[in-house]
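# Inside the fold
Here is how the chains run, residue by residue.
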Amino acid sequence: MKKIIAAFDGLKYQETTAEYAIQLAKQSHTHLVGIFLDDMIYHSYRFADLIVDNKVSEEKLNELNEKDTTARKQSIHLFKSACEAAGIEFSIHHKKNVAVKDLLHESIYADMLIIGKRENFTVYHDKFPSDFLSDVLADVQCPVIVVPEKYKPCQSLIFLYDGDPSSVYAIKMFCYNLAVWHHLPAKVLSVKPLEESSHLPDNNLMKEFMKRHFPEAEYIILKGEPENTILAYLQQQPADALVVLGAYRRSRISRWFRQSMADMLMKNTNLPLFIAHNK
């Protein structure tokens, strides 16, 4: 039995994350752990909300903290009730330190993480994807499924493949972790420059590997600039397709100059993404 963890902000409970995690755990007979992250400095209120008569009100602070405590307890209750109704094996970890560090540490001991693409752990306006999610995806120690805001049961698979070891590694991790979905129709999507041939990179080796996992896989080779061509193709796919892609990891400096493929797909599609990168 594998162990899946699902990350939640107790102040902004994402029911969709729970739906994806619970349904996957039920289908694969997997143990599910709900990770509820508080973070010591994260609250639902802003500093300005504490000002009464031009000074910080201790009474207001206590009132708002109590409201946050109640909201977090309610989130845990909702998750627990949903797991019990589904009849799955589950447990709950309630973390109260630094959200990013806590989640990354939990990922060391997990087979897979499920997280909503809108998680940000802040009450302030944040870019999308948030710094929180970018930091998690850059250093996570297990494969991740980043889920959209609306739940759709997965009905097909799209593997992004460019011949790089990282793209093959992501497919391997998917095969090892999600054998329950091996019956789904699968496509292997590659994009090549206009001046190159239309042959699949490492054609024989790749097809030999895929034949053992997805013998009926369809191979699609498009021509053009990879990011835009892949995005245009995926935007035409149904919302019940899951996309599998490789390396996300970049240095902080390089992220300033070129967004990752995962960032672009999170921003411009509503498809769940399975992301795995080898260190």
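I will try to describe carefully the structure that is included in this document.

Reading guide: rules and limits
- Residues numbered from 1 in each chain as written.
- Predicted model: local features only at pLDDT ≥ 70, side-chain atom pairs only at ≥ 80, totals over all residues.
- Heavy atoms only, no water.
- Helix = DSSP H or I, 4+ residues; strand = E, 2+ residues; numbered from the N terminus.
- Rg over C-alpha atoms; globule rule 2.2 N^0.38 Å.
- Buried < 20%, exposed > 50% of the residue type's maximum accessible area, 1.4 Å probe, protein only.
- Contact = heavy atoms within 4.5 Å.
- Areas by Shrake-Rupley, 256 points an atom, 1.4 Å probe, with all protein chains shown as cover.
- Phe/Tyr/Trp six-rings, centres within 6.5 Å; stacked < 30°, edge-to-face > 60°.
- Pairing = 2+ DSSP bridges.
- Axes fitted to C-alpha atoms, helices over the stretch in contact; angles between N-to-C directions.
- Right-handed = clockwise from strand over helix to strand, strands pointing away.

## Examining the overall build of the protein chain
Broken down by element type, the protein chain carries 9 helices and 12 strands. Against the compact-globule benchmark of 19 Å for 279 residues, the protein chain has a radius of gyration of 20 Å, which places it among compact chains. Counting only residues that meet the buried cut, the protein chain has 49% of its 279 residues in that class. For the protein chain, the proportion of contacts with a sequence separation of at least 24, taken over those separated by at least 6, is 80%. Carbon together with sulfur atoms contributes 51% to the accessible area of the protein chain, which is approximately 14300 Å² in total.

## Considering the packing of aromatic side chains
According to the stated counting rule, one finds 14 aromatic pairs in the structure shown. Residues Y13 and F36 carry aromatic rings whose centres are separated by 6.5 Å and whose planes lie at 10° to one another, so their mutual orientation is stacked. Remark: F36 occurs in strand β2 (residues 31-37) and Y13 occurs in the loop between β1 (3-9) and α1 (15-28); sequence separation between them is 23 residues. You can call F36 buried: its relative accessible area is 1%. Judged by centre distance (5.7 Å) and plane angle (70°), the rings of F36 and F79 are edge-to-face. Note that F36 is positioned in strand β2 and F79 in helix α2 (residues 58-86), a separation of 43 residues in sequence.

## Some details on helix α9 (residues 261-268)
Every α-helix carries 3.6 residues per turn, so stepping three or four residues along brings you back to the same face. In terms of residue burial, α9 counts as a mostly covered element, since 6 of its 8 residues are buried. Structurally, α9 contributes buried residues whose contacts are with α4 (131-139), β7 (144-147), β8 (156-160), α7 (226-234), β11 (241-245) and β12 (273-275).

## Observations regarding the sheet that holds β2
Read from one edge to the other, the open sheet built from 10 strands follows the order β5-β2-β1-β6-β7-β12-β11-β8-β9-β10, with strand pairing classed as mixed. For this open sheet the edge positions go to β5 (90-95) and β10 (218-223), each flanked by a neighbour on one side alone. If you compare each strand with its neighbour and ignore which way they point, the axes differ by 25° on average. When β11 meets β12, the two strands line up parallel, connected through 3 bridges. Paired with V244 across the strands is F274, a residue of β12. Along the sheet face, α4 touches β2, β6 (112-116), β7 and β12 and points at about 165° away from the line of β6.

## Side note on the pairing of β6
Most of β6 sits inside the fold, with 5 of its 5 residues counted as buried. Of the two faces of β6, the one carrying M112, I114 and G116 and the one carrying L113 and I115 are both buried. Judged from the 3 bridges that link them, β1 and β6 form a sheet pairing that is parallel. Residue pairing across strands places A6 opposite I114, the latter belonging to β6. Direction of pairing for β6 relative to β7: parallel, over a ladder of 4 bridges. Bridging from a neighbouring strand, I114 pairs with I145 of β7. In this fold, the crossover linking β6 to β7 by way of α4 has right-handed handedness.

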